[in-house]
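Chain by chain, the residues:
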Amino acid sequence: MRIIVTPFLIIMVSIFIVLFDNLSFFQHVLKVYPFKLENIGFLFSLGLLLYALIVVLFTAVSSRYILKPIIIISLIMASFIAYFMQSYNIVIDKTMIENTLQTNMNESMDLMSVKLFIYLLLLGILPSWIVYKIPLQHRGFKTELWSKIKLILIHLALIALLLFSFSKFYTSFFREHKVLRLYTNPVTAIYNLVSYTYDQVKETNIPMKIIGLDAKQTKDTKKRKIVIMVVGEAARSDHFSLNGYSKETNPLLKKESIVNFSNMYACGTTTAISVPCMFSIYKRGDYDSTKGYNTHSVLDVLSHAGVEVLWRDNNSNSKGVAVRLTYENYKTAQKNTMCKGECRDEGMLIGLESLIEKNDKDIIIVLHQMGNHGPAYYKRYPKSFKKFTPVCETNQLEECSAEEISNAYDNAILYTDYFLSKTIHFLKRYEEKIDTAMIYIADHGESLGENGLYLHGLPYFIAPKHQKHVGAVMWFGKDFPVDEEKLKNRAKHEYSHDNLFSTLLGLFDVQTEVYEKNMDILAN
Ligand SMILES: [Zn+2]
């Protein structure tokens, strides 16, 4: 192979990335700026601008020994991102990075496919192999440095020229169409990865904020309280027949005396944000991961007050919420006794009797469901729940019809309906002697192909309602001190994850300065 110089390699790789890894970006751009005579110049300049930006980035970090590894990592990363953007229409913002880094092996296996392998091979491995093999000429430190400076200056000048020549277009591009930038590959991902890492480093220096140390229970009866809180996964409200969905997805819950919250909104559009946020003292507008992870949650406050707390997880993990509490992993057959194929949510109910019977404290048990985790919805339920057919039985959602996707998703909701009803029946065994209750709230919703969107995780401000409007249900044992009729009326009002913090405190009669009565759904 011919020996080449560093700038040539950088330029060729940058052109490759613009042409082959940015299909999603240009598709989204074309929706806003269609291919018309007046837009052609701008569209062309946008490609050039992206190219120049990538050249500047590579050159800035290129030193003799790290250039090739950096290019290879970028190519592999970009091939993955190109696949996920093309297939699921997702973007790689900070939340998505957080989510990806917290995803376990089982969840990743769900996303594997032949198509992903092809992307990886053609856009990642093959060009990487060529980059690896090409002999680079090293022309001495001074010559290399000067050539790098020239390369950066020429491309910065090009960027300036493009911005200036199409300033009218770029003003609208940067101000009104911020979303489009999220699709630039791999620029956005690299930017967010750096920013996420910076936040993580910063976070380790933050002291833990302990709240509600004054918390104490003020019950007037001696009767115990046991609450099972089910944290749902990716369950959108409009696919619950309780909320008027045309398919019967809640045949068992509708037979129970439940309170259905038809207007419940999530705090975030991913598990990594929503789960810690719903237990957090911070409201959605005020919440961020750094604060969330470094402040005690409502479960910690309940624990201070003397309530026993147990977290069982069949999802990924508690996203930091249960780190100071009793945590049990139900994702493997080690604890979960119902793991044929994959570990089932109902396995989390097994053995709870011994916890309840071992002492007479009040208890809150959090069950974190696998629920409707996508895209392999068809794996989320036992065969007997395959009621709606035909079913999409691949993780390549774009290969299935809307009906097949929806059927697989709805069968998983049907299984959650069964799981929740089983949870209620478990609690009913104790309702004579103990005040029992179940609370179910999903962490976020899900897109099922509407406007070409799949899964979840879009930034909150652009996410469609389907990703934010979630299923939520409460059930109370027969003597539970709550006015159910009044509550059923209130349950039509708009509530959100923000309400959970004070509602749980109120439920256990905990008095503390961090309790806000106006946020407590159950307070009169
Ligand atoms: Zn989730």
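Quick caveat: nothing in here was measured; it's all calculated off a predicted structure.

Draft legend 1. Representation of the overall build of the protein chain. Scanning the protein chain from N- to C-terminus turns up 18 helices and 14 strands. Taking 24 Å as the expected radius of gyration for a compact globule of 524 residues, we find that the protein chain reaches 26 Å, a close match to that expectation. The C-alpha extent of the protein chain, read off along each of the three principal axes, is 85 × 55 × 45 Å. Taken over 524 residues, the protein chain has a buried fraction of 57%. Taking as baseline every contact in the protein chain between residues at least 6 positions apart, the subset at least 24 positions apart corresponds to 78%. Summed over its atoms, the accessible surface of the protein chain is roughly 23400 Å², and 61% of this surface lies on carbon and sulfur atoms. Between the mean site of the 57 positive side-chain charges and the mean site of the 52 negative ones, the protein chain shows a separation of 6 Å.

Draft legend 2. Structural context of the packing of helix α4 (residues 67–88) against helix α7 (residues 114–133). Direction vectors running N to C along α4 and α7 enclose 165°, while the axes themselves pass 9 Å from each other. On the basis of their axis angle, the class for α4 and α7 is roughly antiparallel. Between α4 and α7 lies a crossing of right-handed hand. Taken together, the residues of α7 that come into contact with α4 (itself represented by Lys68, Ile71, Ile72, Leu75, Ile76, Ser79, Phe80, Ala82, Tyr83, Phe84, Gln86 and Ser87) are Lys115, Leu116, Tyr119, Leu120, Leu123, Gly124, Ile125, Pro127, Ser128, Val131, Tyr132 and Lys133. Across the contact of α4 with α7, the residue classes break down as 16 nonpolar, five polar and three charged.

Draft legend 3. Structural context of the coordination of the zinc ion. For the zinc ion, every protein donor is listed as Glu233 (OE), Glu233 (OE), Thr271 (OG1), Asp443 (OD) and His444 (NE2), and the spread of their distances is 1.9 to 2.4 Å. Written as a sequence motif, the donor arrangement for the zinc ion is E-x37-T-x171-D-H. Placement of the pair is Thr271 in helix α12 (residues 271–278) and Asp443 in the loop between β8 (435–442) and β9 (447–448), with a sequence separation of 172 residues. The exposure class assigned to Thr271 is buried, which follows from its relative accessible area of 6%.

Draft legend 4. Structural context of the state of the cysteines. Inspection of every chain in the model, using the stated rule, returns three disulfides. Through a disulfide, Cys267 is tied to Cys277; the S-S separation comes to 1.9 Å. Judged by the sign of its S-S torsion, about 70°, the bond between Cys267 and Cys277 is right-handed. Residue Cys267 is found in the loop between β4 (264–265) and α12, and its partner Cys277 is found in helix α12; the two are separated by 10 residues along the sequence.

Draft legend 5. Representation of the environment of Glu432 within the structure. One can find Glu432 in the loop between α16 (402–428) and β8. Separated by 46 residues in the primary sequence, Glu432 and Lys478 place their C-alpha atoms 7.9 Å from one another. Discounting residues that sit within four places of it in the chain, Glu432 has contacts with Lys223 and Lys478. Of note is the side chain of Glu432, whose polar atom sits 2.9 Å from the side chain of Lys478.

Draft legend 6. Seen up close, the side chain of His373. By secondary structure assignment, the location of His373 is in the loop between β7 (363–368) and α16. For His373, the contacting residues outside a window of four places in its chain are Glu107, Glu233 and Arg380.

Draft legend 7. The environment of Pro7, seen in detail. Relative to the elements of secondary structure, Pro7 occurs in helix α1 (residues 6–20). For the pair Pro7 and Ser316, spaced 309 residues apart in sequence, the C-alpha separation works out to 44 Å. Among residues more than four places away in sequence, those in contact with Pro7 are Arg139, Ser147 and Leu151.

Draft legend 8. Region of the structure containing the environment of Thr218. With respect to the helices, strands and loops of the structure, Thr218 is situated in the loop between β1 (216–217) and β2 (225–232). A C-alpha to C-alpha distance of 6.7 Å links Thr218 and Gln511, two positions 293 residues apart in sequence. Leaving out residues up to four positions away in the same chain, Thr218 has contacts with Asp509 and Gln511.

Draft legend 9. Spotlight on the pattern of salt bridges. Applying the stated criterion across every chain, the model contains 24 salt bridges. A salt bridge links Lys247 to Asp410; its shortest N-O distance comes to 2.7 Å. Highlighted residues: Lys247 in the loop between β2 and β3 (258–260) and Asp410 in helix α16, separated in sequence by 163 residues. With a closest N to O distance of 3.2 Å, Glu353 and Arg429 form a salt bridge. Of this pair, Glu353 sits in helix α15 (residues 352–358) while Arg429 is found in the loop between α16 and β8, placing the two residues 76 residues apart along the sequence. Taking the relative accessible area as the measure of exposure, Glu353 reaches 24% and is therefore partly exposed.

Draft legend 10. Spatial organisation of the packing of aromatic side chains. Taken as a whole and assessed by the stated rule, the structure comprises 24 aromatic pairs. Both rings, one in Phe42 and one in Phe173, keep their centres 6.2 Å apart while their planes meet at 65°; by these two values the pair is edge-to-face. In this pair, Phe42 sits in helix α3 (residues 37–61) while Phe173 sits in helix α9 (residues 167–175), placing the two residues 131 residues apart along the sequence. Of the two residues, Phe42 and Phe173, neither departs from the other in class, the shared state being buried. Following the ring pairs from residue to residue traces out a cluster consisting of Tyr33, Phe42, Phe166, Phe169, Tyr170, Phe173 and Phe174. Seen from the ring of Tyr282, Lys291 lies directly overhead, with NZ or CZ sitting 4.9 Å from the centre. The side chain of Lys468 reaches across the aromatic face of Tyr460, ending 4.6 Å from its centre.

Draft legend 11. Seen up close, the nonpolar core. Counting 149 residues, the largest nonpolar core has Met229, Phe261, Phe279, Leu299, Ile364 and Phe476 as its most contacted members. The element contributing the most residues to this core is α16, with 12 residues. Phe261 has contacts with Ala472, Met474, Leu487, Ala491, Tyr495 and Ile521, leaving out every residue within four places of it along the chain. Among the nonpolar cores identified, the runner-up in size contains five residues, and Cys267, Cys277, Tyr282 and Tyr287 belong to it.

Draft legend 12. Structural context of the sheet that holds strand β13 (residues 495–496). Ordered in space as β11-β4-β13, the three strands form an open sheet in which the pairing is mixed. Both edges of this open sheet fall to β11 (469–470) and β13, since each of them pairs with a single strand only.

Conventions we followed
Residues numbered from 1 in each chain as written. Predicted model: local features only at pLDDT ≥ 70, side-chain atom pairs only at ≥ 80, totals over all residues. Heavy atoms only, no water. Helix = DSSP H or I, 4+ residues; strand = E, 2+ residues; numbered from the N terminus. Rg over C-alpha atoms; globule rule 2.2 N^0.38 Å. Buried < 20%, exposed > 50% of the residue type's maximum accessible area, 1.4 Å probe, protein only. Contact = heavy atoms within 4.5 Å. Areas by Shrake-Rupley, 256 points an atom, 1.4 Å probe, with all protein chains shown as cover. Lys, Arg positive; Asp, Glu negative; His and termini not counted. Charge placed at Lys NZ, Arg CZ, Asp CG, Glu CD. Axes fitted to C-alpha atoms, helices over the stretch in contact; angles between N-to-C directions. Parallel < 35°, antiparallel > 145°, perpendicular 65-115°, else oblique. Left-handed = near helix turned anticlockwise from the far one by under 90°. Nonpolar A, V, L, I, M, F, W, Y, C, P; charged D, E, K, R; others polar. Donors = N, O, S within 2.8 Å, 3.2 Å for Na, K, Ca; no water. Disulfide = S-S within 2.5 Å. Polar contact = N/O pair within 3.5 Å; in protein donor to acceptor, adjacent residues only side chain to side chain. Salt bridge = Lys/Arg side-chain N within 4 Å of Asp/Glu carboxyl O. Phe/Tyr/Trp six-rings, centres within 6.5 Å; stacked < 30°, edge-to-face > 60°. Lys NZ or Arg CZ within 6 Å of the ring centre and 35° of its normal. Core = buried A, V, L, I, M, F, W, Y, C linked by side-chain atoms within 4.5 Å. Pairing = 2+ DSSP bridges.

By themselves, these figures tell us nothing about what the structure is for.
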